[in-house]
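Residue-level structure breakdown
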Amino acid sequence: MMVMSGSDERVVFVLARPGDESLMTGGTIARLRSEGSAVAVLFGQAGTEDPSATRAALTELDVNDWMIVPAASGRSIEDEDRDLDLLLVDMLTEMRATAVVIGTDDDRLKSASLLAAEKTGTPVFLSRRVAADVNQRVTAIDVSDQIDTKLRALAAYPGRWSVIDHAVRQPDGTLLAVSGTEAFVQIGAAPVAGIPTASASSSPLERVGGGVLALVLGGLFGLLGTLAHQATITIGSLEIPYGLILALVATSALLIGLRMVLHDRLMVLLCAIGMLGSIFLFSLRSTGGSVLIPEGMSGMIWTIVPTLVAALVIAWPKLPAKR
């Protein structure tokens, strides 16, 4: 499936003014949030809506990470454009965005979004409502389960329109249907060489290679920890199991680091399998009767704690990005 379809997605929506997020992308935002994905919304201007209406609509969509581009304060157009570029680059970088969605035909916002996406290697999707080329390949998102949520978010803006059944009536009398599908066109951007991002799509061969590497790395850490976990040092009357401490810190740091950097539970799982498999293998008694993990408190801790850490790291929910 396309980007914007899983629980590990981190998507930035760029829109002209409050209300557009509900009209153009409300169903997609609600679906992403229901699947545990992180969503941030950036508005180009505040508009004339009551701020409480914006908060109410975004609350309906379960979005708490949003902001409005600061209003101009006597700066030149060049300075404003540069600040907007930097703002978007910071948003995409800090969030480790897997996609940026543009729901506006404002040239300034579009160009800044495309530039930021190019710098960070983030795919760009343009809402079909503002896409000009009918010959572009369109990808549809099924948001039929989020229709009610989208309608409630739309209803939070009585100053812009009125919601009638499954349609929105604008002040000029135009009716816009609220359907169970939202369409997008991917218009960029290719990953930037040398910048590892979660949005860069990996080939099956790369995925297999990464999985094998994670498995081997986990096995190596399990072996080294098994060899070191019985080491102790005596200071006065206190015996400190520094080998066990170092082994637990190293294996925990490996699992946590992989999850934080790659945001990929599968790689962490493979690493954990290699690590725990190695620990289990060396806990068995050899044909000569020797064993690397003898009975005792250190051996029990070494066999139990890495398992608990691995389970916690793999199951830990993804936290929303904060700025």
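Residues numbered from 1 in each chain as written. Predicted model: local features only at pLDDT ≥ 70, side-chain atom pairs only at ≥ 80, totals over all residues. Heavy atoms only, no water.

Quick look at the UniProt feature "transmembrane region" (unreviewed entry) in the chain
- With numbering matched to this structure, UniProt assigns "transmembrane region" (unreviewed entry) to residues 208–228, 240–258, 265–284 and 296–316.
- Between the C-alpha atoms that bound residues 265–284 there is a distance of 29 Å. The span itself is 95% helix and 0% strand.
- As annotated, residues 296–316 has a helix share of 90% and a strand share of 0%, and its two end C-alpha atoms lie 30 Å apart. (UniProt positions renumbered as here; feature names shortened; annotations may be inferred. Helix = DSSP H or I, 4+ residues; strand = E, 2+ residues; numbered from the N terminus.)

Points about the sheet that holds strand β9 (residues 175–177)
- Overall, antiparallel pairing links the three strands, which are arranged β7-β8-β9 in an open sheet. Both outer strands of the open sheet, β7 (162–164) and β9, are each paired with one neighbouring strand and no more. Taken over all neighbouring pairs, the strand axes of this sheet differ in orientation by 30 degrees on average, direction set aside.
- Relative to β9, strand β8 (residues 167–169) runs antiparallel, the two being bridged by three bridges. Residue pairing for β9: Val 168 is matched across the bridge by Leu 176. (Pairing = 2+ DSSP bridges. Axes fitted to C-alpha atoms, helices over the stretch in contact; angles between N-to-C directions.)

Quick notes on the packing of aromatic side chains
- Applying the stated criterion to the full structure yields two aromatic pairs.
- Here Phe 43 and Trp 66 contribute two aromatic rings whose centre-to-centre distance is 6.2 Å and whose plane-to-plane angle is 70 degrees, an arrangement assigned as edge-to-face. Of the two residues, Phe 43 is situated in strand β2 (residues 38–43) and Trp 66 in strand β3 (residues 66–68); the sequence distance between them amounts to 23 residues.
- When its relative accessible area of 0% is taken as the criterion, Phe 43 is described as buried.
- The exposure class of Trp 66 is partly exposed, given its relative accessible area of 27%.
- Their ring planes at 75 degrees and their centres at 6.1 Å tell us that Tyr 157 and Trp 161 sit as a pair that is edge-to-face.
- Using a relative accessible area of 4% as the deciding quantity, one classes Trp 161 as buried. (Phe/Tyr/Trp six-rings, centres within 6.5 Å; stacked < 30°, edge-to-face > 60°. Buried < 20%, exposed > 50% of the residue type's maximum accessible area, 1.4 Å probe, protein only.)

Examining a nonpolar patch on the surface
- Where nonpolar side chains cluster on the molecular surface, the patch consists of Leu 215, Leu 266, Leu 269 and Ile 273 and spans about 320 Å² of accessible area.
- For the nonpolar patch, the element with the highest residue contribution is helix α8 (residues 265–283), accounting for three residues.
- Mapped onto the fold, Ile 273 is located in helix α8. (Patch = residues over 30% accessible without salt bridge, like charges linked within 9 Å, V, L, I, M, F, W, Y side chains within 5 Å. Areas by Shrake-Rupley, 256 points an atom, 1.4 Å probe, with all protein chains shown as cover. Salt bridge = Lys/Arg side-chain N within 4 Å of Asp/Glu carboxyl O.)

Let's talk about the packing of helix α3 (residues 77–95) against helix α4 (residues 107–120)
- Following both chains from N to C, one finds α3 and α4 inclined at 45 degrees, their axes separated by 9 Å at the closest point. On the basis of their axis angle, the class for α3 and α4 is oblique. Between α3 and α4 lies a crossing of right-handed hand. On the side of α3, the interface is formed by Glu 80, Asp 81, Leu 84, Asp 85, Leu 88, Val 89, Leu 92 and Thr 93, while α4 contributes Arg 108, Leu 109, Ala 112, Ser 113, Leu 115, Ala 116, Ala 117, Lys 119 and Thr 120.
- Considered class by class, the residues forming the contact of α3 with α4 number nine nonpolar, three polar and five charged. (Parallel < 35°, antiparallel > 145°, perpendicular 65-115°, else oblique. Left-handed = near helix turned anticlockwise from the far one by under 90°. Contact = heavy atoms within 4.5 Å. Nonpolar A, V, L, I, M, F, W, Y, C, P; charged D, E, K, R; others polar.)

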